[in-house]
Amino acid sequence: MLLLQIDTALIIEKVILISVILMGSLGIAMYATWGERKVAAVMQDRLGPNRAGPFGLLQPLADGLKLFFKEEIIPDRSTQVIFILGPCLAMLTALMTSAVVPWGPDFVTKSGHVISFQVADINIGILFVFGVVSLGVYGVMLGGWASNNKFSLLSSIRAASQAISYELAMGISLIALLMLTGTLSLREIVAQQHGFWSDGYFSWNFFKQPVGFVIFLTCAFAELNRAPFDLPECESELNMGYHQEYSSMKLGFYLFAEYINMFVSSAIIVTLFFGGYNFPFMDQVATAVGPLLFSAICIMALLTKVVCMILFFMFIRWTLPRFRYDQLMKLGWRSLIPLALVNMLVTGAVIIWVIKK
Amino acid sequence: MEKLTNRAVQIDRTPMTFGERIYLPSIAKGLGITLGHIFKKKATTSYPEEKRPFSPVFRGLHILNRDENGAERCTACGLCALACPAEAITMEAAERKAGEEMLYREEKYAAKYEINMLRCIFCGYCEEACPKDAIYLTETIMPSNYNRASFIYKKEDLLIPNPKKQDSK
C-alpha cells in the first residue's frame, strides 16, 4: 500500500489548503467583478452597483444566480463535446495555476510539525505556470472553433496568435530574472526576496529587474486577454468574440475564468517581482508577535499586494484604448521581444562582470 | 476654395519621437487623468431616495381642478381637446340636473373626460387653452405601468379630491 506510506496529516492538510485556495480564488474573482464595475464607475464619475446589499456587495451573487437561471443554448451545428469542453478547460486551467504560489511562510507547530502554505513546492514552479497558462489558450481556441461561427473562429485564432507572440517575450523577460535568482522554484524566489532591504539594496526583484517587470506586466495583460489587449473579445469588430455562442453558466465560466486568471497572475507577478508574502521590517515583526499571527500577517501582506495589482489591472483597462491588431503584433514582435533580449544580455553581463557570482 | 469654418486644425504628421514611441509616459499621463476622476463629484443621483429639483416650469401629470366649494370647474367646452396637438383628450358633455349644483359649477359639465397619457406630449397647451382654469399640469411624473389601457386616465383619476369632503372627514 503506497498510500499508507504518505503522512495522513499531510493529505488532510493539503486537501484543506487546496479547498481554501480554490474557494478563496473563486471568492476573490467574484468580488473582482464587483470591483471592476465599481472602478469603472468611479473613473467615469458614476456610482456603480449599489442596489443589491450595502454598497452593492451582493451584486456578484445576483449576477451568478442570473447566469445560472438563463437558458442553456447549444447551437445545432456546433461540435457539442468540444463546445462544452471549452469553458471547462478555461476554468480548469485558471484554477490550476494557483497550486505553486507560496501563500505564506512555513508555519511550525509546537510539536515541530511544519505546515507549508503552498500546495506543491515543485522545483520547476515557473515552468508549471507557463505550461498551464499556455493550456489556457485551448479553452478559448476550442470554444471558438466548436461554436461554428466565423466571428468566434476569428477571435479564437486571434487569441491563440496573441498568446503565442506574447509568451515569447514573457519567457525571455523571465529568463533575465531567473539568471539572478538561479532557481525556478517560486518558494525559493520568494525566500530570496526576504524583507525589503538587504546588503545595501532593495531585496525585491522589481528593483533588480524593472525593465523585465514592465515587459512581464505588458505580456501578462496580453495573456489575460484584458484591455488594452482584449482583441479576442473586441466587441466592435467581432461582436463578442469567442464566447458569442455561449449562454448561461458556460458564458459565466469564460467570464469568471478571466477574473480568476487575473487574480492568479497578480499573485504570480507579486511573487516574482514584489517579494510575495515579504514585507518591510518582517524580522522585527516576527520576533514581536507569535508564529500564528505572523503567518496571518504574511498572508495578509501577500493578499494586499495582490489586490493592489488587481486594481492596477482594472485601472489600466479603464484608461487605455484597445490596440489595433497590427499594432498589437508590432508591439509584441518588434518592441517587446528585442527589448527582452537586450534586457537578458545586459543582466547576463552585469552578473558576470559586476556581481561576479 | 473658401473655408466653411475657421476651426480646421492641421494635423501634425511628423513621425513620433523615441520618447513618444516608448509610450509609457503617455500611459502614466492617462493613468493620472483617470486617477483624478476618483475624487471628482459623481454625476449620478440615487433616484428614488434622492430627487433632483424640477425646473419651475416643469409640466407633469394633469389634474382637473375644483372651485372653492368643491364643484368641478370643467364645463366640457372642448377647447383643451382642440388645442391638444397630440389629440390625447376626449370628452363627452352632459347637462347639469337640478340638485347637482354642488357637484358642477356651471350648467354643462364633462360626463366623460379622458387623457391618453401615451399620446400626451406634456406641452401644456390644454392648460393654456382652458378658459375656466379647470385643467393644470402638476409636478408629478407620470408613473409607469404594464398595460396600455391603464395609461388612459379617466375623470376619476384626474379630478383632485373634493376639499369640502376632506374637511368633513
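As shown above, the structure is provided for reference.
The rules we used
Residues numbered from 1 in each chain as written. Chains lettered and ligands numbered in written order. Predicted model: local features only at pLDDT ≥ 70, side-chain atom pairs only at ≥ 80, totals over all residues. Heavy atoms only, no water. Salt bridge = Lys/Arg side-chain N within 4 Å of Asp/Glu carboxyl O. Helix = DSSP H or I, 4+ residues; strand = E, 2+ residues; numbered from the N terminus. Buried < 20%, exposed > 50% of the residue type's maximum accessible area, 1.4 Å probe, protein only. Contact = heavy atoms within 4.5 Å. Buried area = accessible area lost by both parts, 1.4 Å probe. Polar contact = N/O pair within 3.5 Å; in protein donor to acceptor, adjacent residues only side chain to side chain. Phe/Tyr/Trp six-rings, centres within 6.5 Å; stacked < 30°, edge-to-face > 60°. Arc of directions from axis to C-beta. Pairing = 2+ DSSP bridges. Axes fitted to C-alpha atoms, helices over the stretch in contact; angles between N-to-C directions. Parallel < 35°, antiparallel > 145°, perpendicular 65-115°, else oblique. Left-handed = near helix turned anticlockwise from the far one by under 90°. Nonpolar A, V, L, I, M, F, W, Y, C, P; charged D, E, K, R; others polar.

Some thoughts on the pattern of salt bridges
Right, so step 1: This structure, assessed with the given rule, holds 11 salt bridges over all chains.
Right, so step 2: The partner of R317 of chain A in a salt bridge is E36 of chain A, with the nearest N and O atoms 3.2 Å apart. Remark: E36 of chain A occurs in helix α2 (residues 8–43) and R317 of chain A occurs in helix α13 (residues 291–317); sequence separation between them is 281 residues.
Right, so step 3: Where E92 of chain B meets K112 of chain B, a salt bridge forms, and the shortest distance between an N and an O atom there is 3.7 Å. Placement of E92 of chain B in strand β2 (residues 89–95) and of K112 of chain B in strand β3 (residues 108–116) is noted, with a sequence separation of 20 residues between them.
Right, so step 4: A residue is classified by how much of its surface remains accessible, and E92 of chain B, at 44% relative accessible area, is partly exposed.
Right, so step 5: Classification of K112 of chain B as partly exposed rests on a relative accessible area of 32%.

What to know about the interface of chain A and chain B
Think of interface size as the accessible area that goes away when the parts come together; that is how it is often given.
Right, so step 1: Contact with chain A, which involves 15 residues of that partner, is made by 17 residues of chain B.
Right, so step 2: Across the chain A to chain B interface the summed buried area is about 1300 Å²; carbon plus sulfur atoms make up 69%.
Right, so step 3: It is D45, L47 and F315 of chain A that lose the most area in chain A upon contact with chain B, and together they represent 37% of the buried surface on that side.
Right, so step 4: Inspection of the chain A/chain B interface yields 1 salt bridge.
Right, so step 5: Of the charged contacts in the structure, one is a salt bridge between E49 of chain B and R51 of chain A, with a shortest N-O distance of 3.1 Å.
Right, so step 6: In this assembly, chain A and chain B are joined by 4 residue pairs in polar contact (both at pLDDT 80 or more).
Right, so step 7: If you list the elements that add at least two residues to the side of chain A that touches chain B, you get α2 and α13 of chain A.

Quick notes on the packing of aromatic side chains
Residues and elements named next belong to chain A.
Right, so step 1: In the structure shown here, the tally under the stated rule is 17 aromatic pairs over all chains.
Right, so step 2: A centroid spacing of 5.2 Å and a plane angle of 90° characterise the contact between F213 and F274, whose relative ring orientation is edge-to-face. Taken together, the positions of F213 in helix α9 (residues 210–223) and F274 in the loop between α11 (248–273) and α12 (282–288) put the pair 61 residues apart, joining distant regions of the chain.
Right, so step 3: We classify F213 as buried; its relative accessible area is 9%.
Right, so step 4: With 5.0 Å between their ring centres and 80° between their planes, Y246 and Y254 make a pair best called edge-to-face. Y254 carries the same exposure label as Y246, and that label is buried.

Quick look at helix α3 (residues 59–69) of chain A
Residues and elements named next belong to chain A.
Right, so step 1: Those residues of α3 that sit buried are Q59, P60 and L67. Along the axis of α3, the buried residues cluster in a sector spanning 100°; they form a single face. Seen from the buried face of α3, the exposed residues on the opposite side, beyond 90 degrees, are L65, F68 and F69.
Right, so step 2: The secondary structure elements touched by the buried residues of α3 are α2 and α11.

Considering the sheet that holds β2 of chain B
Right, so step 1: Pairing is antiparallel across the open sheet formed by 3 strands, whose spatial order is β2-β3-β5 (chain B). At either end of the open sheet lies a strand with only one pairing partner, and these are β2 and β5 (152–153) of chain B.

Some words on the packing of α2 of chain A against α3 of chain A
Residues and elements named next belong to chain A.
Right, so step 1: One can describe the packing of α2 onto α3 by two numbers: an axis separation of 8 Å at closest approach and a directional angle of 110°. One element, α2, and the other, α3, form an angle in the roughly perpendicular class. The handedness of the crossing between α2 and α3 is right-handed. In this structure, α2 uses M30, Y31, T33, W34 and R37 to contact α3, whose residues at the interface are Q59, P60, L61 and D63.
Right, so step 2: For the contact of α2 with α3, a count of residues per class yields 5 nonpolar, 2 polar and 2 charged.

A short note on the packing of α3 of chain A against α11 of chain A
Residues and elements named next belong to chain A.
Right, so step 1: For the pair α3 and α11, interaxial distance at closest approach is 6 Å and the crossing angle is 140°. Our classification of the angle between α3 and α11 gives oblique. Contacts between α3 and α11 involve G64, L67 and F68 from the former and S248, M249 and G252 from the latter.
Right, so step 2: When the residues that make up the contact of α3 with α11 are grouped by side-chain class, the tally is 3 nonpolar, 3 polar and no charged.

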